[in-house]
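Here are the chains, one letter per residue:
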Amino acid sequence: MDKRTCIDDYIDEQNEDIQGLLNQIKESLRQALPGTEERMSYRMPTFWDKKNIIHFAGYKKHIGIYPGPQAIEAFADRLTSYKTSKGAIQIPLDKPMPLDLIRELALYQRERIKSASKN
């Protein structure tokens with residue numbers, strides 16, 4: 001049974017040279033975040049569970065990962081080799097895709113959201 005999502009459609013519309021990377025990220029997040037909803041938000045693939053957990057997007061020279069400012073701050077020591085801003089990480093296409101780090105960022109963000117909703 002084919003379970004295509006709007007994320008799959010987004011990836012299919014990207015340049016062929018980054019489709020594989022985007023699919024790797026999507027599958028990695030699917031495994032790390034079972035039970036979350038896959039949707040488009042801010043025109044980016046997003047994993048959601050009552051709030052946006054993490055977004056990702058393909059660009060001409062990099063992949064953007066958007067886990068939110070708290071995750072960027074918490075993982076700052078592991079993000080020094082990437083260009084970052086308040087809530088974004090740019091992973092150049094010529095560097096290996098840090099799937100473990102992306103999963104950890106997503107798991108951190110999901111736990112942060114769950115903890116905040118309990119308070």
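Computed from a prediction, not measured in an experiment: that's the story for all the values here. (Residues numbered from 1 in each chain as written. Predicted model: local features only at pLDDT ≥ 70, side-chain atom pairs only at ≥ 80, totals over all residues. Heavy atoms only, no water.)

Peer 1: What's the story with the sheet that holds strand E3 (residues 52-58) in this structure? I'm lost.
Peer 2: By way of backbone hydrogen bonds, the strands of a sheet pair with one another, either parallel or antiparallel. Taken in spatial order, the six strands line up as E1-E2-E3-E4-E6-E5 in an open sheet, and their pairing is antiparallel. Strands at the two margins of the open sheet, each flanked by one partner only, are strand E1 (37-41) and strand E5 (83-84). Bridge count for E1 against strand E2 (residues 44-48) is five bridges, and the pairing is antiparallel. Of the residues in E2, the one forming a bridge with Arg39 is Thr46. Sitting on the sheet, helix H4 (residues 99-118) is in contact with E3, strand E4 (62-66) and strand E6 (89-92), with an inclination near 150° to E3. (Pairing = 2+ DSSP bridges. Helix = DSSP H or I, 4+ residues; strand = E, 2+ residues; numbered from the N terminus. Contact = heavy atoms within 4.5 Å. Axes fitted to C-alpha atoms, helices over the stretch in contact; angles between N-to-C directions.)

Peer 1: I tried to follow the nonpolar core on my own but got confused; where do I start?
Peer 2: Counting 33 residues, the largest nonpolar core has Leu29, Ile54 and Ile65 as its most contacted members. At the level of secondary structure, the elements contributing two or more residues to this core comprise helix H1 (6-12), helix H2 (16-32), E2, E3, E4, helix H3 (69-74), E6 and H4. (Core = buried A, V, L, I, M, F, W, Y, C linked by side-chain atoms within 4.5 Å. Buried < 20%, exposed > 50% of the residue type's maximum accessible area, 1.4 Å probe, protein only.)

Peer 1: Could you clarify how one ought to interpret the environment of Glu27 in this entry?
Peer 2: Mapped onto the secondary structure, Glu27 falls in helix H2. Overall, the relative accessible area of 32% leaves Glu27 in the partly exposed class. Measuring from C-alpha to C-alpha, the distance between Glu27 and Leu99 comes to 9.8 Å, with 72 residues separating the pair along the chain.

Peer 1: Would you mind showing me how to read the pairing of E6 here?
Peer 2: Residues in a regular strand project their side chains so that they alternate between the two faces of the sheet. Residues Ile89 and Ile91 point to one face of E6 and are all buried, whereas Gln90 and Pro92, pointing to the other face, are not buried. By the bridge criterion, two bridges tie E5 to E6 in an arrangement that is antiparallel. The residue of E6 that forms the bridge with Thr84 is Ile89. With antiparallel pairing between neighbouring strands as the criterion, E5 and E6 make up a hairpin whose turn holds four residues.

In short, shape yes, function no, at least from these values alone.
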